[in-house]
Amino acid sequence: MFSGVKPDKKSKVKGITQLGSRSSSSSSSHSSNSNTTRSNSSSGSGGSSSSSSSNKGGGRKSHSGSSSGSSSGSGSPPAGTPPHTQMASHESLNSESKSSSLNSKLGHESMTVRDGSRTLRPDEPPLVPGEQLEGTAREVTYLCPYVGPKKGTLSVTNYRLIFRSPETDPPFELEVPLGVVSRIEKVGGANTSRGENSYGIEIFCKDIRNLRFAHKQENHSRRMVTEKLLHYAFPASHKLPFFAFGYCEQYPENGWSVYEPIAELKRQGLPTESWRITRINEQYELCETYPAVWAVPAAASDNDLRNVAAFRSRGRIPVLSWIHPESQATITRCAQPLVGVSGKRSRDDEAYIQHIMDANAQSHKIFIMDARPSVNAVANKAKGGGYESEDAYQNAEVQFLDIHNIHVMRESLRKLQEVCYPHIDNSHWLSNLEATHWLDHIRCVLSGALRIADKVESHKTSVVVHCSDGWDRTAQLTALSMLMLDGYYRTIPGFAVLLEKEWLSFGHKFAQRVGHGDDRHQDADRSPVFLQFVDCVWQILKQFPHAFQFTEDMLITILDHLYSCLFGTFLYNSERERIEKEVKTKTISLWSLILSNKADFENPLYSSNTKHHVLFPRTSMRHLCLWDKYYCRWNPSMRQQEPVHIRYKELLHVKEQLEKHVDELRKELAARQTHDSPRVASAIV
Amino acid sequence: MEFAELIRISRCDRVMLHRPHHRVLDGTLCITGHHLIVSAHGEEPEELWLLHSNIDAIERRQQGMTGGTLWLKCKDLRILQLDIIGADQFAKVADTLEDLIRVEDPTFQYPFFYRAMYNVLEDGWTTFLPESEFSRVIQPGDDWRISYVNKDYKVCSSYPAAVVVPKNVEDSDLVAIANFRQGGRFPVLAYRHEGLAVLLRSGQPLITANGKRCKEDERLLNSVLAREKRGYIIDTRTQNLAQSAKLRGGGYEPELHYPNWRRVHKPIDRHHMLLDSLTKLMDGVNDTNSGTDKWLSRLESSNWMNNIKETLNCACLVAQCLDQDGASVLVHDTDGLDSALQVTSLAQIILNPDCRTVRGFEALIEREWIQGGHPFATRHARSCYTPSAQRSKINAPTFLLFLDCVYQIHSQFSCSFEFAENFLVMLFEHSYSSQFGTFLGNNEGERKAMKAPERTASLWSYINRHEVLPKYLNPHV
């Protein structure tokens, strides 16, 4: 307990009521006073700055008992009640107006980016450096599923779509980086559309929301907007550069230097007697989807590595991910062996696995964790792949972790989106959630990672992890188990290193899985593998709130920029491609934003003592929750109603002061001990 | 009665105790009048002390002559497993425990035998006296006064000696109104919001099928309304239930006779419905073996979350009436002992930041629940592990549901509470079984009769000590 910080006596928890229009108008007028900064006045698609029309939110019945529109919801509580989370909620909610800045922050991190000094015309949106206005359509209506139609101006830039409606005070704002757009569809034909708001476009987004805009036919604005949107939302399909190459914001920190492969391996204690660092893949010739620098068993020669590469899918041989600082047990990652129907073997591969085992003197066994369900692993034999037979690999035990493939995950997320957006069916929320199986899949991934961490930590046994290609499920598993085992990865720079290493350098195909700038929205290679990983990180964070230096806001920011294409970090499929495109010199790293604004993401309850702890999260369904702050964040009624991030900053400040005080006292004590008479000194000790 | 008559065996060696999240404890079992104690044989001194009053149900499974296993299902929702060697010992232990957990006389309860081993700096029995609590709400010259009409608990057995009522209503009127309200619970002040709108609670009016009316009652309710203002009567039963209550001598306030009050029905489940819901919830929680994990749908079908939702909804409505409409509210159900208390206390947590501090929350529990006459003894006599055939309709986890509602608000507003989640868990545990006398009996009258304030220690005396309190504080504030 920190002294000096008392609960806010003034505030009322009126927010949990089911919004009456009266309350929302009163508090939004309140918020208009304080929301003077730009980032505060913006809002998500739900519009935290909604006002009197908020009654359209959920088709609620007016109450017989309340006289003047305080329709306190006998009928339609807007929110579901997952076991430990929010229930009914409020639209513009609290008297603490600051929350809207939180909402906007979570909705649009990029908004914190400051504009230069250029003065703006009133209806011209502020732009980020490098951004250009490409087109503007007036008298467009945004059909917000929560606050109802809003009439205003729709602008398209080379980076974003910006909608502003002056109807309310503060103005209603919506802005969407075009990178999140998955597909754009026209709604209503020129001659067939009857009725209000039936003619327009619908935009389907990758971040769990859809946007409907209605145009006036006589304005002929739809065509221009659609063309511009198609053009700038899908640069890859139009042979255009990503916006990241034009973005020229200055950040004090350079995020590209956060990860140096050799430095990270040295941090882990390499090279050792048994492990060496090799640049055999410097030109990406041995394996084009792997990084340039590898750590491999010292006992394996370069020639051995080439032979092993020939027997592993796409040349992705077992390479070190993490080594235990004490026991030397390791996590190595690779792709499936090319066993095929005939059951081919490779002496070199077998010897190589033996080298990995021998590098760990603590154990005479090695586990090979195959992330797939065993039926899938068997089926892969028909395609030339397969898994290690225990006959061929002495002392190895193969375990299947039952994680389904990218197509199953994509389908599960699609169902989840249906359940979460735009409206939540309160009465069947939990069973609907269960039917998506999303949490089931999370559980599988988490318990697989837990099993790996347990083998390495508790059994001091090395683990080889692979799936089919070793860039989806394998990345999830190695990164999560490393997060559990090594507290460094739970710091802000450490997490950046973890992503740079296990995801980016080892060739998770971000471009393909996300579909950056690509208009083929039905591409079967798209899948929310990385999102699922971040969700797993959130689940661990929720179970160990003191063990992470960062808050969930950082995870949400990372996910927002996974799609935004504002930063170069997640562009392209492999390290090699990123080198070719000169991403490091021509774009800005996401870590520049995060490291430059560290205070926004820092967890005040982080205890650095936990650095040496190994986290074994519980993976039972009872301990998993839906990450509603991410999946349901567009729904104003599901948002956090308190400005928690402000409290966090206050707490960080208090913590800093206390630490300083402790330091001073320590110094004083040390000084006294050296100068004072022995009698006094011993009295203090 | 002497405990010695019930204790057929006081010591039993070589028992094995299985607890969740603990290693198996191999040791000696001792049974005293109030405790079941298992102490380990090993080098590390490990002990379990369990109050008999914490045990909700005992299940026995005998294995021939070799002994058997007892499952002790506790009101704090734990399930302990005790392996006992020897058929004779097993039977004796089981019989003894079954008798001890059913000792009815409250004066035999542990609080009357427990002696605090610390200096009591502040006596919890006098910390929240009505006079001092209400002095925060009413000022001299106000329209409200403290009435001692119930000083010997004859007007209303479940009310405290001191209640706050409108100044212009005489004690004789209160007696008349008590005769017109269920359980004698005439409308009393629960909370005054920002010095204006008031929150009242009561039992249902005894309208009966004949449509009885009570002029004093009507006058009391009218007197709390400001000029030209309308009030709300929140009835936490369905319209149908309230209607049919007339046939059983109860009813609701008809508009004809209460023209300035609008009646709203916000049904909240009570009594055995709640206990059934908790039973289903705990069935799901404890069933960790089911291969296909249907946890979420089981959670949903237990209806527990829905109960929370309805209760919070109703409390939010009340809060909104008071805060946004500035309108006064009267809350009642049938008896005014359960859902009415949930709603009035939650509304105060929503509206009044003071209730979100440790002291304020303790005062709220004391005012609304303990002095307000929630019958803890009967409601908590049995809990969800008692087979439904042995339950009574008056056993209910009302207070637990209330605490869960507070937890839900807490998790939505994590920076607004001085106390942490474990404070709520601690209150839950003590409300079912405790060494302290705070939750004893059904009302103040009963506690006075058994001299609880003199003969037992108060939970608040213990909790508010600076050695104890810090571990219940919220690190966010």
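No experiment lies behind these values; they were computed from the predicted model shown. Per chain, residues are indexed from 1 in the order of the written sequence. Both sets of labels track the order of writing: A upward for chains, 1 upward for ligands. Reporting of local features is limited, given that this is a predicted model, to residues whose pLDDT is at least 70; pairs of side-chain atoms are given and counted only at 80 or more, and all residues count toward the totals for whole chains, interfaces and linings. Excluded from the side-chain calculation are hydrogens and water; included are all heavy atoms of the structure.

With that out of the way, let us pick up the overall build of chain A. Helix and strand counts for chain A stand at 23 helices and 14 strands. Exposure is judged per residue with a 1.4 Å probe applied to protein chains only, and the accessible area is read against the type maximum: over 50% gives exposed, under 20% gives buried, and values in between give partly exposed. Every one of the 685 residues in chain A was classed for burial, and the buried ones make up 61%. Helix and strand assignments follow DSSP, with helices taken as H or I runs no shorter than four residues and strands as E runs no shorter than two, numbered in order from the N terminus.

Three or four residues apart is the spacing at which side chains of an α-helix point the same way, because the helix has 3.6 residues per turn. All names here are of chain B. Three or more residues of helix H6 (residues 215-223) are buried, namely Asp217, Glu218, Leu220 and Leu221. Relative to the axis of H6, the buried residues are bounded by an arc of 160° and lie together on one face. Buried residues along H6 sit in contact with strand S9 (163-166), helix H5 (171-180), strand S11 (197-201), strand S13 (261-265) and strand S14 (329-332). Our arc is simply the arc of the directions from the helix axis toward the C-beta atoms. Two residues form a contact once any of their heavy atoms are found within 4.5 Å.

Moving on, we get to the sheet that holds strand S14 (residues 462-466) of chain A. Residues and elements named next belong to chain A. Spatial strand order, S10-S11-S14-S12-S13: 5 strands in an open sheet with mixed pairing. Two strands close off the open sheet at either side, each with one partner strand: strand S10 (319-323) and strand S13 (396-400). Adjacent strand axes in the sheet meet at a mean angle of 25° when their direction is disregarded. Whether two strands pair depends on DSSP finding at least two bridges between them. Both strand S12 (residues 366-370) and S13 contribute to a ladder of 5 bridges, which runs parallel. Paired with Ile366 across the bridge in S13 is Ala396. Every axis in this analysis is a line fitted to C-alpha atoms, fitted for helices over the stretch in contact. Angles between the N-to-C directions lie between 0 and 180 degrees.

Okay, the nonpolar core next. Across soluble globular proteins, nonpolar side chains have a tendency to be buried as a group. Note on terminology: a nonpolar core comprises buried Ala, Val, Leu, Ile, Met, Phe, Trp, Tyr and Cys residues joined through side-chain atoms within 4.5 Å. Judged by nonpolar contacts, the single largest core of 211 residues is most densely connected at Phe213, Phe495, Phe530, Phe533 and Tyr631 of chain A together with Phe361 and Phe402 of chain B. At 12 residues, helix H10 (residues 304-323) of chain B tops the list of elements feeding residues into this core. The next biggest cluster of nonpolar side chains, apart from the first, holds 38 residues, and it includes Ile280, Cys334, Ile356 and Ile368 of chain A.

Two quantities define a packed helix pair, namely the angle between the axes and the distance from one axis to the other. All names here are of chain B. Across the interface, helix H11 (residues 339-351) lies against helix H14 (residues 398-412) with an axial gap of 10 Å and an inter-helix angle of 20°. Regarding the angle of H11 to H14, the classification is roughly parallel. Crossing handedness for the pair H11 and H14: right-handed. Contact residues: Gln342, Ser345, Leu346, Ile349 and Ile350 in H11; Thr398, Leu401, Phe402, Cys405, Val406 and Ile409 in H14. Lys, Arg, Asp and Glu make up the charged group, whereas Ala, Val, Leu, Ile, Met, Phe, Trp, Tyr, Cys and Pro make up the nonpolar group; the residues left over, Gly among them, are polar. In terms of residue class, the contact of H11 with H14 is made up of 8 nonpolar, 3 polar and no charged. By definition in this entry, angles of less than 35 degrees are roughly parallel, angles greater than 145 are roughly antiparallel, angles of 65 to 115 are roughly perpendicular, and the rest are oblique. Left-handed is the label given to a crossing in which the near helix is rotated counterclockwise from the far helix by less than a right angle, and right-handed is the label when the rotation is clockwise.

Residue and element names in this part refer to chain B. At a minimum axis distance of 8 Å, the contact between H5 and H6 shows a crossing angle of 110°. In terms of their interaxial angle, H5 and H6 are classed as roughly perpendicular. Contacts from Asp173, Leu174, Ala176, Ile177 and Phe180 in H5 reach Glu216, Asp217, Arg219 and Leu220 in H6.

What follows concerns helix H9 (residues 295-302) of chain B. Among the residues of H9 of chain B, those classed as buried are Trp295, Leu296, Leu299, Glu300 and Ser302 of chain B. Looking straight down H9 of chain B, one finds that the buried residues subtend no more than 160° of arc, so they occupy a single side. Buried residues along H9 of chain B sit against helix H10 (429-436) and helix H11 (438-457) of chain A together with helix H8 (271-286) and H10 of chain B. Immediately downstream of H9 of chain B, the backbone of Asn303 of chain B shows phi near 70°, a positive value.

Looking now at unusual backbone geometry. All names here are of chain A. Following Leu270, the chain continues to Pro271 via a peptide bond in cis, the omega torsion being -10°. Here Pro271 lies in the loop between helix H5 (261-267) and strand S8 (275-278). Tyr421 connects to Pro422 through a cis peptide bond whose omega is -10°. Tracing the backbone shows Pro422 in the loop between helix H9 (406-420) and H10. The phi dihedral of Asn395 falls on the positive side, at around 65°, and the residue is not glycine. Topologically, Asn395 is positioned in the loop between helix H8 (374-379) and S13.

Our focus in this paragraph is the pattern of salt bridges. All names here are of chain A. The salt bridge definition used is simple: a Lys or Arg side-chain nitrogen within 4 Å of an Asp or Glu carboxyl oxygen. On inspection of all chains with the given rule, the structure shows 63 salt bridges over all chains. Of the charged contacts in the structure, one is a salt bridge between Arg267 and Glu264, with a shortest N-O distance of 2.9 Å. Here Glu264 and Arg267 lie together in helix H5, a separation of 3 residues that amounts to about one turn. For Glu264, a relative accessible area of 4% gives the class buried. Between Arg345 and Glu350 there is a salt bridge, with the nearest N and O atoms lying 2.9 Å from each other. You can call Arg345 partly exposed: its relative accessible area is 45%.

Next up on the list: the packing of aromatic side chains. The way to describe two aromatic rings as a pair is by their centre distance and the angle between their planes. Stacked, edge-to-face and tilted are the three classes for Phe, Tyr and Trp ring pairs, Trp counted by its six-membered ring, which pair at centre distances within 6.5 Å; planes under 30 degrees apart are stacked, over 60 edge-to-face, the rest tilted. Inspection of the entire model under this criterion finds 51 aromatic pairs over all chains. Measuring from ring centre to ring centre gives 6.1 Å for Phe243 of chain A and Tyr247 of chain A, while their planes differ by 40°; the resulting arrangement is tilted. Each member of the pair, Phe243 of chain A together with Tyr247 of chain A, is buried. Ring geometry for Phe361 of chain B versus Phe402 of chain B: centroids 6.3 Å apart, planes at 10°, classification stacked. Taken together, the residues span a long stretch of sequence, with Phe361 of chain B in helix H12 (residues 358-370) and Phe402 of chain B in helix H14 at a distance of 41 residues. A single burial state applies to Phe361 of chain B and to Phe402 of chain B, both of which are buried. Connected via pairs of aromatic rings, a cluster forms that spans Phe361, Trp369, Phe376, Phe399, Phe402, Phe417, Phe419, Phe423, Phe439 and Tyr472 of chain B.

A few words on the pairing of S14 of chain A. Residue and element names in this part refer to chain A. Burial runs high along S14: 5 of the 5 residues are buried. Along S14, one buried face is formed by Ser462, Val464 and His466 and the opposite face, lined by Val463 and Val465, is buried too. Pairing of strand S11 (residues 330-334) with S14, which is carried by 4 bridges, proceeds in the parallel orientation. Counterpart to Cys334 in the pairing with S14 is His466.

Turning to the UniProt feature "domain: Myotubularin phosphatase" (unreviewed entry) in chain A, a few remarks are in order. UniProt's feature table lists "domain: Myotubularin phosphatase" (unreviewed entry) at residues 255-631 of chain A, given in the numbering used throughout. Annotation note: span residues 255-631 of chain A, helix share 44%, strand share 9%, distance between end C-alpha atoms 27 Å. UniProt positions are given in the numbering used here, feature names are shortened, and annotations may be inferred rather than shown by experiment.

What follows concerns the sheet that holds strand S3 (residues 160-165) of chain A. Residues and elements named next belong to chain A. Read from one edge of the open sheet, 7 strands run S4-S3-S2-S1-S7-S6-S5, paired in antiparallel fashion. The two strands at the open ends of the sheet, each matched to only one other strand, are strand S4 (172-177) and strand S5 (181-187). Looking at each pair of strands side by side, their axes are set apart by 30° on average, direction ignored. Bridge analysis of strand S1 (residues 133-144) against strand S7 (residues 210-214) gives 2 bridges, and the strand direction is antiparallel. Note that in S7 the partner of Thr141 across the bridge is Ala214. Contacting S1, strand S2 (148-157), S3, S5 and strand S6 (200-205), helix H4 (residues 222-233) crosses the sheet at an angle of about 160° to S5.

Feature annotation in UniProt assigns "coiled-coil region" (unreviewed entry) to the following positions: residues 648-675 of chain A. Helix and strand shares over residues 648-675 of chain A are 100% and 0% respectively, and the end C-alpha atoms of the span are 40 Å apart.

Residue and element names in this part refer to chain A. On the secondary structure map, Lys629 appears in helix H21 (residues 628-631). When the C-alpha atoms of Lys629 and Asp553 are compared, they prove to be 9.3 Å apart, with 76 residues separating the residues in sequence. Polar contact criterion, stated in full: a pair of N or O atoms within 3.5 Å, where within protein one must be able to donate a hydrogen and the other to accept it, and residues adjacent in sequence count only if both atoms are side-chain atoms. Here Asp553 takes part through its side chain, which lies 3.3 Å from a polar atom of the side chain of Lys629.

A few words now on the confidence of the model for chain A. Residue and element names in this part refer to chain A. On average, chain A scores 84 in pLDDT, and the residues at 70 or more come to 80%. Summary of the metric used: pLDDT quantifies the predictor's per-residue confidence within the range 0 to 100. Scored below 50 in pLDDT, residues 14-118 shows 301 contacts in the model against residues more than four places distant or in partner chains. Low pLDDT, under 50, characterises residues 679-685; the stretch is placed with 4 contacts to residues that sit more than four places away or in other chains.

What follows covers a negative patch on the surface. A patch consists of residues exposed above 30% relative accessible area that lack any salt bridge, with like charges linked at up to 9 Å and nonpolar side chains (Val, Leu, Ile, Met, Phe, Trp, Tyr) linked at up to 5 Å. With residues, only the protein chains shown are counted as cover, and all accessible areas are computed by Shrake-Rupley using a 1.4 Å probe. None of His or the chain ends enter the tally, which takes Lys and Arg as positive and Asp and Glu as negative. Charge coordinates come from a single atom per side chain, which is NZ of Lys, CZ of Arg, CG of Asp or CD of Glu. Residues Glu656, Glu659, Asp663 and Glu664 of chain A make up a contiguous surface patch of negative charge. Within the element layout of this structure, Glu656 of chain A appears in helix H22 (residues 644-675).

Quick look at the side chain of Gln399 of chain A now. All names here are of chain A. Relative to the helices and strands, Gln399 resides in strand S13. At a separation of 3.1 Å, a polar atom in the side chain of Gln399 contacts the side chain of Glu397. When sequence neighbours within four positions are dropped, the list of residues in contact with Gln399 reads Phe367, Ile368, Met369, Asp370, Arg451 and Lys455.

Residues and elements named next belong to chain B. Within chain B, residue pLDDT values average 93, and 99% of them lie at 70 or more. Mean pLDDT across the elements of chain B ranges from a minimum in helix H4 (residues 130-134), with 82, to a maximum in helix H15 (residues 421-432), with 98. Among the prediction metrics, the complex's ipTM stands at 0.89, with pTM recorded as 0.86.

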